[in-house]
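Chain residues, written in single-letter form:
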Amino acid sequence: MNAARTIAGLGLQEAVRRRVFLIVAVLTVCYLALYGLGTWQAFEEVESESSSFRGVEPDVVTGAYLLGLNMFGTLFLGTILAVFLTLGTVRGDAERGLLQPLLVRPVPRRTLLAARFASASLVCGAYVIVVFLISMTITWALGGWWPDRIVEPALGLAASVAILCALSLAGSVFLASTANGIAVFMVFGAGLVAGLLGQIGEALSSDTLSDVATTASWILPFEALYQSALGAITADTVGFTRLAIDLGPFGGAEDFGPLLWPWAIAYLAIVGAIALRAFAARDL
Amino acid sequence: MLELRAVTPALAVSDLRKSYGRTEALRGVALEVGEGELFGLLGPNGAGKSTLVKIACGLVRPTTGSAHVAGARAGTLPAQRALGYLAELFRFPEWQSADEVLALHQRLSGSDGGPRERGELLELVGLEAAADRPVGQMSKGMQQRLGIAQAMIGSPKLLLLDEPTSALDPAGRRTVRRLLEELRSRGVAVLLNSHLLSEVELVCDRVAIINHGEVVAAGTPAELSKPGGVEVETAAGSRVFAAAGRDDAPRIVRDLVSAGEEVYGVRVLTSSLEDAYLEAVGEGAR
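What counts, and where the lines are drawn
As a convention, each chain's residues are numbered from 1 in the sequence order in which they are written. Chain A is the first chain written and ligand 1 is the first ligand written, with later ones labelled in order. Local features in this predicted model are restricted to residues whose pLDDT is 70 or higher, and side-chain atom pairs enter the listing and the counts only when it is 80 or higher, whereas totals over whole chains, interfaces and linings include all residues. At least two bridges found by DSSP between two strands is the condition for calling them paired. Strands here are runs of E lasting at least two residues and helices are runs of H or I lasting at least four, both read from the DSSP assignment and numbered beginning at the N terminus. For every residue pair, C-beta atoms are placed from the backbone, and the pair is scored as a contact if these atoms sit within 7 Å. The axes are straight lines fitted to the C-alpha atoms, using for helices just the contacting stretch, and the angles between their N-to-C directions are given from 0 to 180°. By definition, a nonpolar core groups buried Ala, Val, Leu, Ile, Met, Phe, Trp, Tyr and Cys residues that are joined through C-beta atoms within 7 Å. Between the buried cut of 20 or more and the exposed cut of 12 or fewer other C-beta atoms within 10 Å of a residue's own C-beta lies the partly exposed class, and all C-beta atoms are placed from the backbone. Under the grouping applied here, Gly and all other residues not named as nonpolar or charged are polar, the nonpolar ones being Ala, Val, Leu, Ile, Met, Phe, Trp, Tyr, Cys and Pro and the charged ones Asp, Glu, Lys and Arg. To estimate how far a helix should extend, the number of its residues minus one is multiplied by 1.5 Å. Note that the arc is defined by the directions from the helix axis to the C-beta atoms.

Brief notes about the sheet that holds strand E4 (residues 64-69) of chain B
Residues and elements named next belong to chain B.
Turning to step 1, where the next piece is worked out: Strands sit in the order E2-E1-E4-E5 across an open sheet of four strands; the sheet is antiparallel. Each having just a single partner strand, strand E2 (23-33) and strand E5 (72-73) make up the two edges of the open sheet.
Turning to step 2, where the next piece is worked out: In the sheet, strand E1 (residues 11-20) pairs with E4 via five bridges, with the strands oriented antiparallel. In the sheet register, Leu11 faces E4, and the bridge partner there is Val69.
Turning to step 3, where the next piece is worked out: Strands E1, E2 and E4 of the sheet are contacted by helix H1 (residues 49-57), whose axis makes an angle of about 115° with E1.

So, in structure tokens, the structure goes:
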């Protein structure tokens, strides 16, 4: 336990000393400022536009679109953070000669992986939750709109980045740092494409596209969690407003049902088991 | 009454084999490093020396055979707790100071030596003045000395040093030599993997030469060095009796004196460890 705490602390300390968190904080402030500006402008435009469709609440549609867009941005930033905190954990650090002195101390390999996962997922999870909550507050302050659910989408985003942390850590056992970073971003992109395919399938009423998107989202559950989180912000919205939201680029989120969270936990366990097995067999 | 006690070697390796795909890095290596013994491991690049050290550390798994550290199977926690390791290629976080590096390794190894142990180790490797200097601002030689100090955290029974002096200047090498002698006096066993034959010859109690994954010669440096004859300096000049050894020297002097020659000096010639090494690994190593 002491070794796990020390390894977890070492990873975070390195991020602090290398000013990763400082840069992330500064850029996040810029991102939120940009979001605030966009939100203010969008609500101004909506308020001045009097010819809205009857039965559609423009502030709800605008708020849901903006926060949905923001959630995608937040997940993307969280993914970048997750990848850069974990991409070289095993092969990268071993090639640089950083890993061997730690493992011989001794630090069991499972402890090292678990500690690095815990620290990275905690930091990235906290990051996306905080950014989501601030964005939500900005949306309310400038447009007067709250999402229908708060906890569920926040946790969904945090779980998404936790899965990406696990994938990146597992990838670091097999791949060198650069290759692993590219691989994780491509997997993230594949999940994004799966989500877009689902929306296109919904719009075109194509069962095949919808099935492909659903299957891909189960295989890459960070996308399913993101979509569920997206759906949760307008979970109680009905009528024409619901219809208008569903037609938008961030509105066609699918509800993956009660099995999603158990599957996400099982998925983490499977990825962790594969990573541990491969790490245990790896010569350093 | 005489008490017989079985002494557990610091490192015991038996019929150790390691294959990377079709490449056999180790082919049945067997050796023992006793308590408090300074053991030198020599061999050309790719001979399998680092693989052997890494197996002892638990970083590489053997294909067959066994390796035990202080009686515990290599790679297990008790074995790793009994050893200190300096890798050939290692790096510490550049942002950590020397003291922080040692404190980190104290925490990981469970050492309760605290600041006193860190101070002693830094002094031992000549880095007491650089305790607060970040690793990124240290020369390679300083980092290597810090690596040796790190390996000694927790007073291990066995130190595995893989090329510990490769980046050191002559003064740094002398510091490490003194350090190794100090370790021997404290009863710490050391497996020294080095290319510097003169260094190994100077400090090691025993030496093993590895080539193509096999131990091709082993023994004390004196045992490995072969007689090279007796050189006698007379009024007529130097004469070498190539077939003679140390025991023949008095007889040779007697014979020369009785033959009326004046003897000014006698020198018993032996080959160096370098000669023994080159003979063991073949001309390709020259």
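More follows now that the structure is in view.
A look at the nonpolar core
Turning to step 1, where the next piece is worked out: Of all hydrophobic cores here, the largest spans 152 residues; its most connected members are Leu158(B) and Val190(B).
Turning to step 2, where the next piece is worked out: Residue contributions to this core peak at 15 residues, all from helix H7 (residues 151-174) of chain A.

Notes on the interface of chain B and chain A
A common way to state how big an interface is: give the accessible area lost once the parts meet.
Turning to step 1, where the next piece is worked out: Listed by partner, the interface residues are 21 residues for chain B and 20 residues for chain A.
Turning to step 2, where the next piece is worked out: Of all the secondary structure elements, the ones that give two or more residues to the side of chain B that touches chain A are helix H2 (77-81) and helix H3 (98-109) of chain B.
Turning to step 3, where the next piece is worked out: Looking at side-chain class alone, the side of chain B that touches chain A contains 12 nonpolar, five polar and four charged residues.

A short note on unusual backbone geometry
Turning to step 1, where the next piece is worked out: With an omega of 15°, the peptide bond running from Arg105(A) to Pro106(A) counts as cis.
Turning to step 2, where the next piece is worked out: Mapped onto the fold, Pro106(A) is located in the loop between helix H5 (99-103) and helix H6 (109-143).
Turning to step 3, where the next piece is worked out: Despite not being glycine, Ser155(B) has its phi angle at roughly 50°, a positive value.
Turning to step 4, where the next piece is worked out: As for its placement among the helices and strands, Ser155(B) is situated in the loop between helix H5 (140-151) and strand E7 (158-162).
Turning to step 5, where the next piece is worked out: Here Glu163(B), not a glycine, exhibits a phi torsion of approximately 55°, which is positive.
Turning to step 6, where the next piece is worked out: Given 19 C-beta atoms within a 10 Å radius, Glu163(B) is considered partly exposed.

Quick notes on helix H12 (residues 260-281) of chain A
Residue and element names in this part refer to chain A.
Turning to step 1, where the next piece is worked out: With 22 residues, H12 extends 31 Å between its outermost C-alpha atoms, agreeing within 8% with the 32 Å of an ideal straight helix rising 1.5 Å per residue.
Turning to step 2, where the next piece is worked out: All of the buried residues in H12 are Ala264, Tyr267, Ala275 and Phe279. Burial along H12 is one-sided: seen end-on, the buried residues are contained in an arc of 95°. Among the exposed residues of H12, those oriented more than 90 degrees off its buried face are Pro262, Ala266, Ala269, Ala273, Arg277 and Ala281.
Turning to step 3, where the next piece is worked out: Of the surrounding secondary structure, the elements contacted by the buried residues of H12 are H6, H7 and helix H10 (221-232).

Honestly, it's all geometry; don't read function into it.
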